[in-house]
Amino acid sequence: MKLKKGDKVKFLNESGGGIVSKIIDSRMVSVEIDDGFDIPTLISELVKVNDDTNETESFSDVEVQEEYSPSASSFTPSENENRKSKLSVFTNAQKDIPGVYLAFAPHDQQWLMTGKLDVFVVNNTPYNIMYTLSLPSDSGFTTKDHDSIGKEMKVLVDTIDRDDLDKWQHGFAQILFWQETSNTILMPANSEFKVKGSRFYKEGNYRMSNMINEKALLVSLLEIKNQKNAAYIMEKQEGSDEINSDAATISTEAPMIDKYKVGPKEAEVDLHIGEIVDNILGLSNTDMLNIQLEHFHKTLTSAMENEYSKVTFIHGVGNGVLKNRIMTALKDYEGLKNKSASMSKFGVGAIDVIISYF
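Quick look at the structure, then. (Residues numbered from 1 in each chain as written. Predicted model: local features only at pLDDT ≥ 70, side-chain atom pairs only at ≥ 80, totals over all residues. Heavy atoms only, no water.)

**Side note on the sheet that holds strand β26 (residues 350–355)**
Put simply, the rule is: Two strands are said to pair when DSSP picks up at least two bridges between them. Helix numbers and strand numbers start at the N terminus; a helix is a DSSP run of H or I with at least 4 residues, a strand a run of E with at least 2. Interaxial angle, 0 to 180 degrees, is taken between N-to-C directions of lines fitted to C-alpha atoms, where a helix line uses only the stretch in contact. Two residues form a contact once any of their heavy atoms are found within 4.5 Å.
Taking strand neighbours across the sheet as the criterion, the 5 strands line up as β22-β23-β24-β26-β25 in an open arrangement whose pairing is mixed. Of all strands in the sheet, those bounded by a partner on one side alone are β22 (261–263) and β25 (336–340). Strand-to-strand twist across the sheet, computed as the mean angle between neighbouring axes with direction ignored, equals 25°. Inspection of the sheet shows strand β24 (residues 310–314) paired to β26 by 5 bridges, in the antiparallel sense. Following the sheet pairing, I314 is matched in β26 by A350. On the sheet, helix α4 (residues 321–330) packs against β25 and β26 and is oriented at approximately 10° with respect to β26.

Rendered as structure tokens:
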């Protein structure tokens, strides 16, 4: 017999029971009790209540029926469309860098470090895309998923157990971009991604994403600004269309961190909210803090990707909340050191983050 959502259960070592409201993983479920609260409980500490006989059965050796674990080959056409959805839009919040991402979102957002993870391909670009996602296998690489999704959309690739995370630490994505009408042709992308296994087991790495409106570990596959493009100007002449090949261009937009460059491989980032967003109307203190922290993470990541050696973050004095959150967040990064920034220049309102690549 299998334990599934909706089954009646009793607690083995204490009085009371309830109904299984969610399968968290192969060892734990969420039980909704009479008061309406959900209680995460080990399966080994539950017994199932038989509706017909009122008998109970222990689950120490019972197979658990998973809620779902989709794979690309198992979807029907209608299910395939149902796994796609539009990205969230936050007009007041800082927008994520346009690009294509992998997102690892805890299936149950209340339990970031346990249970299953939903894996999404996130298309945060103005282009429609076709993609192929390949993961390592015994024979080399196997195609995990392939599909097409519209602009500013995400697609659920799979829901995986934590035991399967080692398979997702390395892989390749191939991406083709298109628009129905455009003066620009964006060149295809081949992206190799690598994720350190330790990143999955640090709660601070699961941050609220404005794109999917959930806490997730985001892995950038590409930034759209770094993609080569060919701009073609069509000039209709007598009897033919002429392509001006001299119009071919390559995007040279600078990395995010270069905006704050103050010296060779050094930058200063002012985290005061007025320096990040133009209008704070309607933002709560929590909203503003989250925007500041998101900007901190993005600029630091950009600095690391572009081999900067030092970034000075100006957090201000205030009540110290932002500084404390930054100091906590820095523990989740490897190869970083920090110290107080120049007192004569910043007072006590800034820290230097030193980036080491050895």
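**A look at the side chain of H297**
Here is the rule: A 1.4 Å probe rolled over the protein chains alone gives each residue an accessible area, and that area as a share of the maximum for its type sets the label: buried under 20%, exposed over 50%, partly exposed in between. Contacts described as polar in this section are N or O atom pairs within 3.5 Å, which, within protein, must combine one atom able to donate a hydrogen with one able to accept it, while residues neighboring in sequence count only if both atoms come from side chains.
When you line up the elements, H297 lands in helix α3 (residues 285–305). The class for H297 is buried, based on a relative accessible area of 7%. There is a polar contact of 3.4 Å between the side chain of H297 and the side chain of R207. Setting aside residues no more than four positions away along its own chain, H297 makes contact with R207, A329 and Y333.

**Let's talk about the packing of α3 against α4**
Geometrically, a packed helix pair is captured by the angle between its two axes and the distance between the axes. Defined as follows: Any angle from 65 to 115 degrees is called roughly perpendicular, while one under 35 is roughly parallel, one over 145 is roughly antiparallel, and all others are oblique. By definition, any crossing whose near helix is turned counterclockwise from its far helix by less than a right angle is left-handed, and any crossing with a clockwise turn is right-handed.
Where α3 meets α4, the closest approach of the two axes is 11 Å, and the angle between their N-to-C directions is 40°. With respect to α4, the axis of α3 lies oblique. Viewed along their axes, α3 and α4 form a crossing whose handedness is right-handed. On α4, the residues that touch L289, Q292, L293, F296, H297 and L300 of α3 are V321, L322, R325, I326, A329 and L330.

**Focus on the pairing of strand β8 (residues 99–106)**
Note on strand geometry: in a regular strand, side chains alternate between the two faces of the sheet. Buried residues dominate β8, accounting for 8 of its 8 residues. A two-sided burial pattern is seen for β8, the buried positions comprising G99, Y101, A103 and A105 on one face and V100, L102, F104 and P106 on the other. Pairing geometry for β8 and strand β9 (residues 117–124), over 8 bridges, is antiparallel. In the sheet register, V100 faces β9, and the bridge partner there is N123. Here β8 runs beside strand β17 (residues 214–223); their pairing, made up of 6 bridges, is antiparallel. Bridge assignment links V100 to a residue of β17, and that residue is L222.

**Quick word on the nonpolar core**
Formally: Throughout, nonpolar core names a set of buried Ala, Val, Leu, Ile, Met, Phe, Trp, Tyr and Cys residues whose side chains join them through atoms within 4.5 Å.
Core analysis: the largest hydrophobic core is formed by 32 residues, its most contacted members being L102, V121, L133 and F177. Of all the elements in the fold, those that place two or more residues in this core are β8, β9, β10 (128–137), β12 (153–160), β13 (170–178), β15 (189–194) and β17. In terms of nonpolar packing, the next biggest core, distinct from the first, is built from 28 residues, Y260, V269, I273 and L330 among them.

**Observations concerning the pattern of salt bridges**
To keep it simple, the criterion reads: Salt bridge, as used here: a side-chain nitrogen of Lys or Arg that lies within 4 Å of a carboxyl oxygen of Asp or Glu.
Scanning all chains against the criterion turns up 11 salt bridges. Residue D147 is joined to R83 by a salt bridge in which the shortest nitrogen-to-oxygen separation is 2.8 Å. Highlighted residues: D147 in strand β11 (residues 140–149) and R83 in the loop between α1 (77–82) and β7 (84–86), separated in sequence by 64 residues. The salt bridge partner of K167 is D164, with a shortest N-O separation of 3.8 Å.

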